[in-house]
Amino acid sequence: MTDTIKNLADSLLNIDGAAKSISIQKNIIIEIVETLRKVLFPDYFDGSENTDKHALLRERLGFVQRSLTEQILSAFLCDKSDNAEKTALSEEAQNITDKFLAALPRIKEVLLTDVRAAYDGDPAAHSVDEVIIAYPGLFAISVYRIAHELYMLDVPLIPRIMTEYAHSITGIDIHPGATIDKYFFIDHGTGVVIGETTVIGSHVKIYQGVTLGARSTKKGQSLKGTKRHPTIGDNVTIYSNTTILGGDTIIGNNATIGGNAFLVSSVAEGTKVAVEPPKLRFYNI
């Protein structure tokens, strides 16, 4: 190693002060996500000829238990090294993992409602199998529901790594802090953005390009913990490329929001919102 490279490495590490020791492994977190998908839908993502499903399931749950506990501990520790604190945090990481694993049956039950919503809501779906295996919306929702459980258990960083993994694959960006009820369907999905404090009711269907966002984030960190994103009621349909902004914006139950709408105020229950199409002009060339 040349002195130039050594000096450059030292300079880069020291720009922000002492270098942090962060041992979170993104590849392990992604492996946990993919293993959990096999746990939740074993008949679809098995990839194994092992006929003893119970043994295979126990093996996968064991991997999740060990690996998730290690990664949660790493997320808690970051650059902390006090042994007494590490012992306490290790116990907390184990307790959180146990609570998360206990929630898996409930997560699966909710995901099955999402599968049903996708199949019932899309005439192009030939089977439930197709929805589970191939639909990007269900992939993103599955990862979100896993990440949201960890988010609610106050696990730092890991839930966001999980949902950004789904985002990178599907183009669907769901913050793990969003609250989403049962029977949720994202059709097509590319470009969908759902912010941290969004609340979505049951039987909601949204299309590609929909943004459920904040009005402004100019105040930055001072907005942390405030309701910045909209509330969507039950049985709402939001068509493509619609933007709905603001923490005090409420879309009432049974509303339908047409494509390309831009909303920063509430919509009453049962309302249909449509954007008037532009007048077209035709020219002879």
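Reading the values: rules and limits
Along every chain, residues carry numbers that run from 1 in the direction the sequence is written. In keeping with the model being predicted, local features are shown solely for residues with a pLDDT of at least 70 and side-chain atom pairs are shown and tallied solely at 80 or more, while totals for entire chains, interfaces and linings include all residues. Hydrogens are left out, water is left out, and the side-chain values use all remaining heavy atoms of the structure. Working convention: axes come from line fits to C-alpha atoms, limited for helices to the stretch in contact. Angles between N-to-C directions cover 0 to 180 degrees. For the purposes of this entry, the term helix denotes a DSSP run of H or I that reaches at least four residues, the term strand denotes a run of E that reaches at least two, and both are numbered from the N terminus. An angle below 35 degrees is read as roughly parallel, one above 145 as roughly antiparallel, one from 65 to 115 as roughly perpendicular, and any other as oblique. Only heavy atoms matter for contacts: two residues are in contact if any of them lie within 4.5 Å across the pair. Throughout this entry, Asp, Glu, Lys and Arg are counted as charged residues, while Ala, Val, Leu, Ile, Met, Phe, Trp, Tyr, Cys and Pro are counted as nonpolar. The remaining residues, Gly among them, count as polar. By salt bridge we mean one thing: a side-chain nitrogen of Lys or Arg within 4 Å of a carboxyl oxygen of Asp or Glu. Using a 1.4 Å probe on the protein chains alone, a residue whose accessible area is under 20% of its type maximum counts as buried, one over 50% counts as exposed, and one in between counts as partly exposed. We call two strands paired when DSSP finds no fewer than two bridges between them.

(A) Inspection of the packing of helix H2 (residues 26–40) against helix H7 (residues 136–152) at higher detail. Orientation of H2 relative to H7, taken along the N-to-C sense of each, is 100°, at an axis distance of 11 Å. Viewed along their axes, H2 and H7 adopt a mutual orientation that is roughly perpendicular. Facing H2, whose interface residues are Val-33, Glu-34, Leu-36, Arg-37 and Leu-40, H7 presents Phe-139, Val-143 and Ile-146. Tallied by class, the residues present in the contact of H2 with H7 amount to 6 nonpolar, no polar and 2 charged.

(B) The arrangement of the pattern of salt bridges in detail. Within this structure, the stated rule accounts for 9 salt bridges. Residue Arg-37 is joined to Glu-34 by a salt bridge in which the shortest nitrogen-to-oxygen separation is 3.1 Å. Pair noted here: Arg-37 and Glu-34 are both in helix H2, with a separation of 3 residues, about one helical turn. Owing to a relative accessible area of 11%, Arg-37 belongs among the buried residues under this scheme. With a relative accessible area of 22%, Glu-34 lands in the partly exposed category. One salt bridge in this structure joins Arg-116 and Asp-120, with 3.1 Å as the shortest N-O distance. Of this pair, Arg-116 and Asp-120 both sit in helix H5 (residues 104–121), 4 residues apart, which is roughly one turn of that helix. For Arg-116, a relative accessible area of 36% translates into the label partly exposed.

(C) Structural context of the sheet that holds strand E3 (residues 185–186). Spatial strand order, E3-E6-E9-E12-E14: 5 strands in an open sheet with parallel pairing. Edge strands, defined here as strands with exactly one partner in the open sheet, are E3 and strand E14 (272–273). Pairing between E3 and strand E6 (residues 205–206): 2 bridges, direction parallel. Along E6, the bridge assignment pairs Ile-186 with Ile-206.

(D) A look at the sheet that holds strand E2 (residues 179–180). A sheet is described by the order of its strands in space; here 4 strands give the open sequence E2-E5-E8-E11, paired in parallel fashion. Both outer strands of the open sheet, E2 and strand E11 (250–251), are each paired with one neighbouring strand and no more.

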